[in-house]
Amino acid sequence: MTEIQNTAQTIATTYDARKIENEIYKFWEDNKVFTADANSSKLPYSIVIPPPNVTGVLHMGHALDGTLQDILVRYHRMLGYEALWLPGCDHAGIATQNVIEKNLAKDGLTRHSLGKEKFLEKTWTWANEHKDRILEQFKLLGASFDMSRKRFTLDKGCCDAVKKVFVDLYNKGLIYKGSYIVNWCPRCQSAISDIETNYETQDGHLWEISYALKDEMGAIVIATTRPETMFGDVAVAVNPTDFKYKDLIGKYCVMPLTGRTIPIIADDYVDKSFGTGALKITPAHDPNDFEVGKRHNLEQIKVIDEKGCMMRNEYVPPQLQGLTREEARKKTVEMLELNQVLVRVTDHVHNVGKCQRCNTTIEPLLSTQWFVKMKPLAKPAIEAVKKGDIKFIPQRWEKNYLMWLENIRDWCISRQLWWGHQIPAYYKNDTGEMVVALENPDPANYTQDTDVLDTWFSSGLWPFETMGWPDVNAADFKKFYPTNTLVTGFDIIFFWVVRMITMGLEFTGKAPFSTVFIHGLIRDEHGQKMSKSKGNTIDPVDLIEKYGCDALRFTLTSLCTYGGQDIKISDEKFEYGRNFANKIWNASRFVLMNLTEKSYNLQLDLENLSLADKWILNELNNVIKIVNDNLKNYRIGEVAGILYEFFWNKYCSWYIELSKIEKNEKVLLYVLEKFLRLLHPIMPHITEAIWQKIPVQKNQIGILKCDYPQYCGNFVFEAESKQMEFVFESIKSLRNLRAEFNIPLGLKINIFIDNNEKLFKNISTYLSVLAKVSKVEYTKTADIAKSAVCVVEDTKIIVPLEDLIDIKQELVRQNKKLDKLDNEFKSIVSRLNNSNFVKNAPKEVIDKTNDRKLQIENEMLLVKDIIKKLS
RNA sequence: GGGCGUUUAGCUCAGUUGGUAGAGCGCUUCCCUUACAAGGAAGAUGUCGGGAGUUCGAGCCUCUCAACGCCCACCA
């Protein structure tokens, strides 16, 4: 009895995932094994995390995204790269400010009643408290973060980077300030960008309103979905080719309710067939009208304010002033009706812009904002993908990316919030003269712009601002930038990926990563997006508690497809990973329990390998090759499947079972150890835990630092593998036969074989244990009248059954088999008889078909022979 | 309006250069065989959405139709 056996026997039969996972993660942390060395001579491999919001709690999306990143990082670490996974958080401007404001509202406060200074103080306190929470949760996933490099988008380094980028872009003329129509959220009290606006289909109306012609009889009828904006009208537009209105172009009309006079103009933009063919132009409250207004040098009249209420000015009738947009619409319609200028109302379905953050209806509003000129920045970003400097996986996302960039519009980057990077523009207190600079030129006389930048402005710099940039000599920047792979969901390609690529190319001259690995979104079991309001969320922390982190990781990984399809999950699906973990645990327990001291090393004695040993080594070697190929090509789901299949159905079901009969401890251990390494990136804890228990001299602190297994020519045993497959087929056939004839397990059987005498002699002990065969005899003349027969390739396995056999049943069984063979035979023959097939098909295919034909022919002969003898 | 995706066993889905279909779950029968009942053995189940085409050969390529889903655009 050895010391190790004692140890192994104390291992519980059911895998206690949480206990072991916590121990193992602590072991890694205590030994600081995730800290990357910028001075290492190894090749770098780096990934920056898509920084989760400080407001966030871990959700399934993070779990998937984090697992995939961790797999890549751990794999490359084992391949011998200096691997860095850089963690951090995003300050998440609007999202965070909304959370704080909501908290204030509970106490009846607003940010304005609190004041900017106090509000920011409160927000910082909150952010500091929450900043580490989500990263701590990521650790529950087994994330091999380098926490020594943890970053936050509002830390000093990021602020410096943001300021430098802003100032440089401004000096290059790529940032400008101007009065344009923007998407305004009346609730957030801020401008938002185009992609932060979501459109929602709503039932509405189309109101047709009559505008009287000036100085003559008649009127022109316009159609609008937003009558309340009419007070900002500056023209009525018609299509220049519209016969109906040809004579009115250049004339004037008088607006109802206010009596203001506006011109009738012609513009191609107007669709003759929509509505009445006449369109009111409101440049201050509609993006299209804004463009029309610019073309015709029209005035811009603002009638709705930043809160979404009617303004108090000369254009808005007094009874409407101060009303909300919704109230004003109702009232305007009433007034129009009263004045008998409302010609017609029809139902009309249209799209309404909503704020991505708070779902408030967007007000297109004329406003002075900061913009980034995107066209010049987009050009190199397009090139980088077209040239292949950056590759998307799956590739189809490239099209999406290119189409968006090719049609890109300027990016509104200023937000009227308090929480974020304040814009580094300073205005002279007396003259208002503006200076854009890294620092305030003269704090006594200059005041900084109060706007802050879009959150995505700072996260767009993430891959290099976290590496020490703008100091281009920073060790991390030199070693780990550009990063290798960016892992994220498709939902933030435009928000984030595009910005990182454009900014990275502009400021570092290099693409920030070479591969963008896009995965699907996690959905609930019905395919619905998970959301708190729907109440269909699954909490990854709950899953980890219930099934274990490795189980969660394994299940998620196995559900990933190369096409990056969305992933539907339900609680029960994680039993798959948990069961696998338990299987690994118990198989390892078996191996460790059966190890004797002479096998306390991982060296194989290649001279003394059995058929089974060679088979499993050959299988392992193939798996090693396929797994490496797939990992390199981001086919990670495939890897999970291959490792599961190998371990469960090859190693456990056959090799361990065979080893109970005839054992090669060294091979048993060798294969297990290699398997643990192969699986480690996906299931890091259990593989580490078991590896630590293997009683051999180790030159690494943990499995995470071990080399990843590589294909080796010494372990190619194809012929032996084929033989083993034949053995398995034989055993399976005999088991099947036993089941069909209800032969109790306790009853051993004798068999006769008419071929492969030597092989069967060799494996008689296997047959004895695995198919309960007591005696194997070779004969060409067995009497099969009272026997059941299995035909396995070129061999008849004859099982004399005496009174256990029902001849009729056996005849049915054999005929069924013959039918099956005959079907395949016919199809093969018809193919081979087809001269075009023989002429056109490649030689290998024809050879293979011929081989198969011979094999089937042979089997059919054997089966026919049996049938003849039985009848 | 433009683009993309999906449609394969009862359910959830794989299927990588075209060579007569796979997994997990579920189901049926049997087994607590000393690693594992979160287990073991045996088994059943599919005109691969419809149609046409290319090909010796199509789940896979082309066209077309249908259903569902997503993204972009925003005719007021």
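Owing to the predicted nature of the structure, the values given are computational and were not obtained by experimental measurement.

Analysis parameters
Residues numbered from 1 in each chain as written. Chains lettered and ligands numbered in written order. Predicted model: local features only at pLDDT ≥ 70, side-chain atom pairs only at ≥ 80, totals over all residues. Heavy atoms only, no water. Helix = DSSP H or I, 4+ residues; strand = E, 2+ residues; numbered from the N terminus. Rg over C-alpha atoms; globule rule 2.2 N^0.38 Å. Buried < 20%, exposed > 50% of the residue type's maximum accessible area, 1.4 Å probe, protein only. Contact = heavy atoms within 4.5 Å. Areas by Shrake-Rupley, 256 points an atom, 1.4 Å probe, with all protein chains shown as cover. Axes fitted to C-alpha atoms, helices over the stretch in contact; angles between N-to-C directions. Parallel < 35°, antiparallel > 145°, perpendicular 65-115°, else oblique. Nonpolar A, V, L, I, M, F, W, Y, C, P; charged D, E, K, R; others polar. Pairing = 2+ DSSP bridges. pLDDT = per-residue confidence, 0-100. Phe/Tyr/Trp six-rings, centres within 6.5 Å; stacked < 30°, edge-to-face > 60°. Lys NZ or Arg CZ within 6 Å of the ring centre and 35° of its normal. Near = heavy atom within 4 Å. Polar contact = N/O pair within 3.5 Å; in protein donor to acceptor, adjacent residues only side chain to side chain. Salt bridge = Lys/Arg side-chain N within 4 Å of Asp/Glu carboxyl O. Core = buried A, V, L, I, M, F, W, Y, C linked by side-chain atoms within 4.5 Å. Expected span 1.5 Å × (residues − 1).

**A look at the overall build of chain A**
In step 1: Counting secondary structure elements, chain A contains 28 helices and 29 strands.
In step 2: By the compact-globule yardstick of 29 Å for 871 residues, chain A is too spread out, its C-alpha radius of gyration being 37 Å.
In step 3: Projected onto the principal axes, the alpha-carbon positions of chain A cover approximately 120 × 65 × 55 Å.
In step 4: Expressed as a percentage of its 871 residues, the buried residues of chain A come to 54%.
In step 5: Taking the contacts inside chain A whose residues are at least 6 apart along the sequence as the reference set, 77% of them involve residues at least 24 apart.
In step 6: A total of about 39,000 Å² of accessible surface is found on chain A, and carbon and sulfur atoms cover 49% of it.

**Some thoughts on the packing of helix 16 (residues 540-547) against helix 17 (residues 549-559)**
In step 1: The contact between helix 16 and helix 17 brings their axes to 7 Å, and the two run at 115°. The pairing of helix 16 with helix 17 is recorded here as roughly perpendicular in orientation. Of helix 17, the residues touching helix 16 (which contributes Pro 540, Leu 543, Ile 544 and Tyr 547) are Cys 549, Ala 551 and Leu 552.
In step 2: Across the contact of helix 16 with helix 17, the residue classes break down as seven nonpolar, no polar and no charged.

**Thoughts on the sheet that holds strand 15 (residues 391-393)**
In step 1: Taken in spatial order, the three strands of this open sheet run 15-23-22, and their pairing is parallel. Each end of this open sheet is capped by a strand with a single partner; those strands are strand 15 and strand 22 (485-489). The mean angle between the axes of side-by-side strands here comes to 20°, regardless of whether they run parallel or antiparallel.
In step 2: Relative to strand 23 (residues 515-519), strand 15 runs parallel, the two sharing three bridges. From the neighbouring strand, Phe 392 faces strand 23, where its bridge partner is Val 516.

**Quick word on the side chain of Ser 193**
In step 1: In this structure, Ser 193 sits in the loop between strand 6 (190-192) and strand 7 (197-213).
In step 2: Residue contacts for Ser 193: discarding those within four places in its chain leaves Asn 183, Trp 411, Cys 412, Arg 415 and Asp 454.

**Digging into the confidence of the model for chain A**
In step 1: Per-residue confidence for chain A gives a mean pLDDT of 91; residues scoring 70 or more make up 99%.
In step 2: Taken element by element, the predicted model of chain A shows its lowest mean pLDDT in helix 1 (residues 3-9) (38) and its highest in strand 2 (residues 82-86) (98).
In step 3: Predicted confidence for residues 1-10 stays below pLDDT 50, and this span has 13 contacts to residues more than four positions away or in other chains.
In step 4: Two summary scores accompany this predicted model of the complex, namely pTM at 0.93 and ipTM at 0.96.

**Things to note about the packing of aromatic side chains**
In step 1: Counting across every chain of the model gives 46 aromatic pairs.
In step 2: Centre to centre, the rings of Phe 580 and Phe 647 are 6.2 Å apart; their planes meet at 80°, and the pair counts as edge-to-face. Within this pair, whereas Phe 580 is found in helix 18 (residues 575-593), its partner Phe 647 is found in helix 20 (residues 636-659), the two being separated by 67 residues in sequence.
In step 3: What makes Phe 647 buried here is its relative accessible area of 0%.
In step 4: Clustering of aromatic rings is evident, with ring pairs tying together Phe 554, Tyr 576, Phe 580, Tyr 644, Phe 646, Phe 647, Trp 648, Tyr 651, Tyr 655 and Phe 675.
In step 5: The ring of Phe 507 has Lys 172 lying over it, and the distance from NZ or CZ to the ring centre is 4.8 Å.
In step 6: Over the aromatic face of Phe 590 sits the side chain of Lys 660, whose NZ or CZ is 5.6 Å from the ring centroid.

**Considerations on the sheet that holds strand 18 (residues 425-428)**
In step 1: On the basis of which strands lie adjacent, the open sheet formed by three strands has the order 19-18-20 and antiparallel pairing. The sheet is open, and its two borders are formed by strand 19 (434-436) and strand 20 (446-448), each paired with just one other strand. Within the sheet, the average angular offset between the axes of one strand and its neighbour, ignoring direction, is 30°.
In step 2: Two elements, strand 18 and strand 20, share three bridges in a ladder whose sense is antiparallel. Across the sheet, the residue bridging to Lys 428 is Tyr 446, located in strand 20.

**Overview of the protein's contact with RNA strand B**
In step 1: Around RNA strand B, the structure places 54 residues, and the nearest of them are Asn 288, Lys 573, Arg 589, Trp 648 and Ser 827.
In step 2: Each atom of RNA strand B within 4 Å of the protein was assigned to sugar, phosphate or base; sugar and phosphate come to 55%.
In step 3: Take Lys 399: an N or O atom from its side chain is 2.8 Å from a phosphate oxygen of RNA strand B.
In step 4: Within the side chain of Lys 573, one N or O atom sits 2.4 Å away from a sugar or linking oxygen of RNA strand B.
In step 5: Elements represented by at least two residues in the surface near RNA strand B include exactly strand 8 (219-224), strand 13 (342-355), helix 11 (396-406), helix 18, helix 20, helix 23 (718-740), helix 26 (807-833) and helix 27 (835-840).
In step 6: Looking at side-chain class alone, the surface near RNA strand B contains 19 nonpolar, 18 polar and 17 charged residues.

**Here we look at the pattern of salt bridges**
In step 1: Counted under the stated rule, the structure contains 52 salt bridges.
In step 2: Here Arg 18 and Glu 545 are joined by a salt bridge, their closest N and O atoms 3.8 Å apart. Here Arg 18 is found in helix 2 (residues 17-30), whereas its partner Glu 545 is found in helix 16, with 527 residues between them in sequence.
In step 3: With a closest N to O distance of 3.5 Å, Arg 111 and Glu 101 form a salt bridge.

**Things to note about the nonpolar core**
In step 1: Counting residues in each nonpolar core, the largest one holds 205 residues, and the members touching the most others are Met 60, Phe 457 and Tyr 651.
In step 2: Among the elements that take part in this core, helix 20 stands out by supplying 14 residues, more than any other.
In step 3: The residues touching Phe 457, leaving out its near neighbours within four places in the chain, are Val 162, Val 165, Phe 166, Leu 169, Ile 175, Val 372, Trp 411, Ile 413 and Met 503.
In step 4: One finds Val 234, Ala 235, Ile 301 and Met 310 within the second-largest nonpolar core, a separate group that totals 39 residues.

**Let's talk about the pairing of strand 5 (residues 175-185)**
In step 1: The buried count for strand 5 comes to eight of eleven residues, which makes it a mostly enclosed element.
In step 2: Of the strand pairs in this sheet, strand 5 and strand 14 (residues 363-372) are connected by ten bridges, and their pairing is antiparallel. Among the inter-strand pairings, Val 182 is bridged to a residue of strand 14, identified as Leu 365.
In step 3: Bridge count for strand 5 against strand 6 is three bridges, and the pairing is antiparallel. Residue pairing for strand 6: Asn 183 is matched across the bridge by Ile 192.
In step 4: Between the end of strand 5 and the start of strand 6, which pair antiparallel, lie four residues, with Gln 189 showing a positive phi angle near 60°.

**What to know about helix 19 (residues 611-632)**
In step 1: When the terminal C-alpha atoms of helix 19 are compared, their 32 Å separation across 22 residues agrees well with the 32 Å that a helix rising 1.5 Å per residue should span.
In step 2: With a side-chain oxygen lying 3.3 Å from the backbone nitrogen of Ala 612, the N-terminal cap of helix 19 falls on Ser 610.
In step 3: Within two residues after helix 19, Tyr 634 carries a phi angle of roughly 60°, on the positive side.

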